[in-house]
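Spelled out, the chains give:
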Amino acid sequence: MKRRSIITVLVAAGAVLAAGVLFSATADAATTLGASAAQSGRYFGAAIAAGRLSDGTYTGILNREFNAVTPENEMKWDATEPSQGSFSYGNGDRILNQGISMGAKVRGHALLWHAQQPGWAQSLAGSALRNAAINHVTQVATHYKGKIYAWDVVNEAFADGGGGGRRDSNLQRTGNDWIEAAFKAARAADPAAKLCYNDYNTDGVNAKSTGVLNMVKDFKARGVPIDCVGFQSHLGTTIPGDYQANLQRFADAGVDVQITELDVAQGNNQAGIYATVTKACMAVSRCTGITVWGIRDSDSWRTGENPLLFDNSGNKKAAYTSVLNALNAGGSTTPTTPATTPTTTPTTPSTGGGCSASTSLNSWNGGYVATVRVAAGSAAVNGWTVTMALPSGSAITGAWSATNSGTSGTVSFRNVSYNGSIAAGGYTEFGFQGTGAGPTATPTCSAG
Ligand code: XIL
């Protein structure tokens, strides 16, 4: 009798337990991509096009499934600054407002890129292009200040092939430091946005991704602001076996990672590859989210490859289900979302008030780009002037984040409106480009 009642109790307890497990599994399994990703603190986004926002099937899926958006083309340079100094934000704002109305994160894409430049920028070079590019970053990031979760500050600047070096482009020819100049300008304009470097063919451990990783480590070591790296992940019918390990090595270098433009050729394993990507992101604690590059196959830029999660009619494909299941399976980790902390580190403050300046030089045969750091001492600085002697034959062709008096001999640089105030122990930077040899003498700084 006694034994039987114990068994009864155990069976009953087992039933309750089983029911409890079942119930909680059901409760945890969200039914949309965005809600499933949100369970682990991540987002699931789509690239969207302003021209499709009047399509009800399209916006129906968008509003239901996604909690992040990226403008497919609307915030690129050709769209936002069609003629120099004249900015056009209509379609970019449409994407922003769509994202805001959904309560979604908005990824900004892309401030500087060798492609989709307006014609006027394509025909510029040297300091005229450098100044125009930095001005573009400042203007666009300022327009969207406080609204953007993460900016692709620089897109696709590394070369394919084995070298791991930079791609040749008009921007690259303004000096190797164009990327860090862009990141600094973006940070100054919108301190709350995470600043990303974004590229393709970096989806496994290879020479190109290693080149990008080395840049990240260098930026981190020198206090150049960078918060995240985007992996476009335009994939064919295979995926590198070290996809997750590659994400992890970037995370280990101290940046968030994001899958930014995912699409996968239909092939015979599309659902499997989508699952592998999703699981990889879920397994890397600093992988903060995934964006697919379009909604339906008919919306994709990869015409005929059917690389997305919804078919032409808006039906969910097998790949959709595999992504949803991978999101619902959860990760052993949740993304850390540290508040954006400026990654700039103060230079050793000089003792006393006033300011000091130091120059770092990137020179080539016949020209140079100089970056000058202006540091406050133990007291805040309000306004500064840096003076330095240029070698004979050296002439300044352009400056940014400062106004120069003179272009040769002894020249001085005055702060501009947004960088005159430096906190005690803090610093700011400006730069200039010139022909001939760059300055090697230590500059002087006067405060006030
Ligand atoms: C593509 C868009 O999808 C197309 O509509 C446009 O014609 C070309 O650009 N890498 C990127 C994206 O960073 O901006 C590109 O988007 C796809 C490749």
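Residues numbered from 1 in each chain as written. Predicted model: local features only at pLDDT ≥ 70, side-chain atom pairs only at ≥ 80, totals over all residues. Heavy atoms only, no water.

Details of the overall build of the protein chain
Argument step 1. When helices and strands are tallied, the protein chain shows 12 helices and 19 strands.
Argument step 2. Here the protein chain, with 448 residues, has 52% of them falling under the buried criterion.
Argument step 3. Long-range contacts, defined here as pairs at least 24 residues apart, represent 77% of the contacts in the protein chain between residues at least 6 apart.
Argument step 4. In the structure as shown, the protein chain presents an accessible area of about 18000 Å², 54% of it carried by carbon and sulfur atoms. (Helix = DSSP H or I, 4+ residues; strand = E, 2+ residues; numbered from the N terminus. Buried < 20%, exposed > 50% of the residue type's maximum accessible area, 1.4 Å probe, protein only. Contact = heavy atoms within 4.5 Å. Areas by Shrake-Rupley, 256 points an atom, 1.4 Å probe, with all protein chains shown as cover.)

Remarks on the state of the cysteines
Among covalent bonds in proteins, the disulfide is the one between the sulfur atoms of two cysteines.
Argument step 1. Considering all chains together, one arrives at 3 disulfides under this definition.
Argument step 2. Linked covalently through their sulfurs, Cys196 and Cys228 form a disulfide whose S-S length is 2.1 Å. Taking the torsion about the sulfur-sulfur bond, which here is approximately -90°, the covalent link between Cys196 and Cys228 counts as left-handed. With Cys196 in strand S5 (residues 194-199) and Cys228 in strand S6 (residues 228-231), this pair connects stretches of sequence that are 32 residues apart. Residues Cys196 and Cys228 agree in their burial class; the two are buried. (Disulfide = S-S within 2.5 Å.)

Quick notes on the environment of Asp190
Argument step 1. In this fold, Asp190 is placed in the loop between helix H8 (178-189) and S5.
Argument step 2. Taking the C-alpha atoms as reference points, Asp190 and Ile148, 42 residues apart in sequence, are found 8.6 Å from one another.
Argument step 3. Apart from the residues lying within four places of it in its own chain, the contact partners of Asp190 are Ala141, Tyr144, Lys145, Gly146 and Ile148.

Some remarks on the site of the ligand
Argument step 1. For the ligand, the set of nearby residues contains 13 residues, the closest of which are Glu72, Lys76, His109, Asn155 and Glu261.
Argument step 2. The side chain of Asn155 places a nitrogen or oxygen atom 2.9 Å from an oxygen atom of the ligand.
Argument step 3. Burial of the ligand by the protein amounts to 78% of the accessible area it has alone, namely 410 Å².
Argument step 4. Among the residues making up the shell around the ligand, the classes are represented as 3 nonpolar, 6 polar and 4 charged. (Near = heavy atom within 4 Å. Polar contact = N/O pair within 3.5 Å; in protein donor to acceptor, adjacent residues only side chain to side chain. Nonpolar A, V, L, I, M, F, W, Y, C, P; charged D, E, K, R; others polar.)

Quick notes on the packing of aromatic side chains
Argument step 1. Evaluation of the coordinates by the stated rule reveals 13 aromatic pairs.
Argument step 2. Judged by centre distance (5.0 Å) and plane angle (80°), the rings of Phe231 and Phe250 are edge-to-face. You can see Phe231 sitting in strand S6 and its partner Phe250 sitting in helix H10 (residues 243-252), a full 19 residues away along the chain. Across the pair, exposure class does not vary: Phe231 and Phe250 are buried alike.
Argument step 3. Ring pairing ties together the aromatic residues Phe87, Tyr89, Tyr144 and Trp151, which thus form one cluster.
Argument step 4. Lys105 extends its terminal NZ or CZ atom over the ring of Tyr149, reaching a point 5.0 Å from the ring centre.
Argument step 5. The ring of Tyr200 carries the charged tip of Lys208 above its face, separated from the ring centre by 3.6 Å. (Phe/Tyr/Trp six-rings, centres within 6.5 Å; stacked < 30°, edge-to-face > 60°. Lys NZ or Arg CZ within 6 Å of the ring centre and 35° of its normal.)

Considering the nonpolar core
Argument step 1. If you look at the biggest cluster of nonpolar residues, it comprises 92 residues, and the most contacted ones within it are Phe44, Phe66, Trp151, Val154, Phe183 and Leu309.
Argument step 2. In contact with Phe183, other than residues within four places in its own chain, are Val153, Val154, Leu195, Cys196, Tyr197, Phe219, Val224, Pro225 and Ile226.
Argument step 3. Trp384, Met388, Ile396 and Phe432 belong to the second largest nonpolar core, which has 21 residues in total. (Core = buried A, V, L, I, M, F, W, Y, C linked by side-chain atoms within 4.5 Å.)

Some words on H8
Argument step 1. Its 12 residues place the ends of H8 16 Å apart at the C-alpha level, agreeing with the 16 Å of an ideal helix rising 1.5 Å per residue.
Argument step 2. In terms of burial, H8 is largely enclosed, as 10 of its 12 residues are buried.
Argument step 3. Within the span of H8, buried status applies to Trp178, Ile179, Glu180, Ala181, Ala182, Phe183, Ala185, Ala186, Arg187 and Ala189.
Argument step 4. Tucked inside the fold, the buried residues of H8 contact strand S3 (105-113), helix H7 (126-143), strand S4 (150-155), S5, helix H9 (207-222) and strand S14 (395-400). (Expected span 1.5 Å × (residues − 1).)

Some words on helix H11 (residues 270-283)
Argument step 1. Compared with the 20 Å implied by 1.5 Å per residue over 14 residues, the 20 Å span of H11 between its first and last C-alpha is a close match.
Argument step 2. Buried residues of H11: Gln270, Ile273, Tyr274, Ala275, Val277, Thr278, Ala280, Cys281 and Met282, and no others.

Regarding the environment of Gly431
Argument step 1. Its location among the elements puts Gly431 in strand S18 (residues 427-435).
Argument step 2. Classification of Gly431 as buried rests on a relative accessible area of 0%.
Argument step 3. Sequence separation of Gly431 and Gly398 is 33 residues, and the distance between their C-alpha atoms is 8.6 Å.
Argument step 4. The residues contacting Gly431, other than those within four sequence positions of it, are Ala370, Thr371, Ala399 and Trp400.

Topic: the environment of Trp120
Argument step 1. Relative to the helices and strands, Trp120 resides in helix H6 (residues 119-122).
Argument step 2. What Trp120 contacts, discounting residues up to four positions off in sequence, is Trp77, Glu81, Pro82, Ser83, Gln84 and Ala132.
Argument step 3. Side-chain polar atoms of Trp120 contact the backbone oxygen of Glu81, separated by 2.9 Å.
Argument step 4. A polar atom in the side chain of Trp120 sits 3.4 Å from the backbone oxygen of Pro82.

Notes on the pattern of salt bridges
Argument step 1. Tallied over the full model, the rule gives 20 salt bridges.
Argument step 2. One salt bridge in this structure joins Glu429 and Lys184, with 2.4 Å as the shortest N-O distance. Linking Glu429 in strand S18 with Lys184 in helix H8, this pair joins segments that are 245 residues apart in sequence.
Argument step 3. Take Lys184: its relative accessible area is 22%, and that puts it in the partly exposed class.
Argument step 4. The partner of Asp297 in a salt bridge is Lys317, and the shortest N-O contact between them spans 2.9 Å. Residue Asp297 is located in the loop between strand S9 (287-292) and helix H12 (318-329), and its partner Lys317 is located in the loop between S9 and H12; the two are separated by 20 residues in the primary sequence.
Argument step 5. The buried category is assigned to Lys317, whose relative accessible area is 11%.
Argument step 6. Sharing partners across several salt bridges, the network here consists of Glu180, Lys184, Asp218, Arg222, Arg373 and Glu429. (Salt bridge = Lys/Arg side-chain N within 4 Å of Asp/Glu carboxyl O.)

A look at the packing of H8 against H9
Argument step 1. H9 packs onto H8 with a crossing angle of 55° between their chain directions and a minimal axis gap of 12 Å. In terms of axis orientation, H8 runs oblique to H9. For the pair H8 and H9, the crossing hand works out as right-handed. Two secondary-structure elements touch here, H8 through Ile179, Glu180 and Phe183 and H9 through Met215, Phe219 and Arg222. (Axes fitted to C-alpha atoms, helices over the stretch in contact; angles between N-to-C directions. Parallel < 35°, antiparallel > 145°, perpendicular 65-115°, else oblique. Left-handed = near helix turned anticlockwise from the far one by under 90°.)

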